[in-house]
Amino acid sequence: MFKTLIKGAFATLLFLPLASYAAPINLNTWSAESYPSVSGFPAGNWTVDGAGASVYQSNNGQPTILYSDFDAQGSALSGKLKVELGAGDDDYVGFVLGFNGGDSTNASADYLLIDWKKLDQYFDFGAPSSDPGSTAKKGLALSRVTGTPSADEFWGHTTFSGGGLQELQRAATLGSTGWQYGIDYEFLFDFGPNNLKVFVNGTEELNIAGSFNDGSIGFYNFSQQNVTYSAFEKEKGTFPAPVPASFGLFILGLAVLRVTRRS
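This one's a predicted model, so the numbers in the text were calculated from it and none came from an experiment.

A. Structural context of the overall build of the protein chain. Per the secondary structure count, the protein chain includes three helices and 17 strands. When contacts within the protein chain are restricted to residue pairs at least 6 apart in sequence, long-range pairs at least 24 apart make up 72% of them. Accessible surface, the protein chain: about 11,600 Å² in total, of which carbon and sulfur atoms supply 55%.

B. A look at the sheet that holds strand β11 (residues 139-146). If you walk across this open sheet you meet the seven strands as β2-β5-β16-β7-β8-β11-β12, and the pairing is antiparallel. Taken across any chain shown, the strands that pair with only one partner, and hence form the sheet edges, are β2 (31-34) and β12 (164-170). Put simply, the sheet's adjacent strands are angled 25° from each other on average, direction ignored. Of the strand pairs in this sheet, β2 and strand β5 (residues 64-67) are connected by four bridges, and their pairing is antiparallel. In the strand pairing of β5, Ala-32 is matched with Leu-66.

C. Fine view of the confidence of the model for the protein chain. Looking at the protein chain as a whole, the pLDDT averages 86, with 81% of positions reaching at least 70. For residues 1-20, every residue scores under 50 in pLDDT, and the model assigns this stretch 24 contacts once sequence neighbours within four places are set aside. Under a pLDDT of 50 for its full length, residues 244-263 has, in the predicted model, 18 contacts with residues more than four places off or in other chains.

D. Broad picture of the environment of Val-93. Looking at the element boundaries, Val-93 is found in strand β7 (residues 92-99). Given the relative accessible area of 0%, Val-93 is considered buried. For the pair Val-93 and Lys-117, spaced 24 residues apart in the sequence, the C-alpha separation amounts to 6.9 Å. Discounting chain neighbours no more than four positions away, the residues touching Val-93 are Leu-81, Val-83, Ile-114, Asp-115, Trp-116, Trp-179, Tyr-220, Asn-221, Gln-224, Val-227 and Tyr-229.

Cut-offs applied
Residues numbered from 1 in each chain as written. Predicted model: local features only at pLDDT ≥ 70, side-chain atom pairs only at ≥ 80, totals over all residues. Heavy atoms only, no water. Helix = DSSP H or I, 4+ residues; strand = E, 2+ residues; numbered from the N terminus. Contact = heavy atoms within 4.5 Å. Areas by Shrake-Rupley, 256 points an atom, 1.4 Å probe, with all protein chains shown as cover. Pairing = 2+ DSSP bridges. Axes fitted to C-alpha atoms, helices over the stretch in contact; angles between N-to-C directions. pLDDT = per-residue confidence, 0-100. Buried < 20%, exposed > 50% of the residue type's maximum accessible area, 1.4 Å probe, protein only.

Written out as structure tokens, the structure is:
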């Protein structure tokens, strides 16, 4: 009986998303791309550490992306995002999926954007954008990017002219909650051609079905400086729903306690 219970407990442990099975990602092989600058908003500035384990984006500028040298579909990807203490500002941080090099000027671009705003804010960008201003809402959201959106379209998750953003979903618990300074948020992405699940700190925040293009995963900043992305890993296949490792130990403890009481 003891062996049977222990075996069941370890079976539970096997379904935990163990980081030891994932391969660290070297960010030195990734590429940076920014949307055309507007007045007062330059291109991004991405600085990868020597080991390729983390990258720091230092500019308050136009939408900027550091994207992978591999396609993201069919892999489970995880890592951390942090807006550094003292960074200032309250704007967008996040990720792209299905992005391809050159999409910032590609009229046929079609990729997914997961972005997170700290506070609500209205803004009207200048040239070359001729679109009206829009309001960016605080919280974590999933949008589909098509064509070459203007800064105002990225800002308000809307479509005015040739490109645009269609907001598809707000996050389950973080959809109206802004990020905070100095906190490591752990993201996990389960991305396939017909589905996307996004977990933040072990909670499923986004879950959507559709038809999605393959392409890179990328880090995304818009009008937000001093952001670090770190400890990214890639695992072939999909993760089960994240379960705290302590839960597996709890199950094991219950099994031992049960046997002890019966003996």
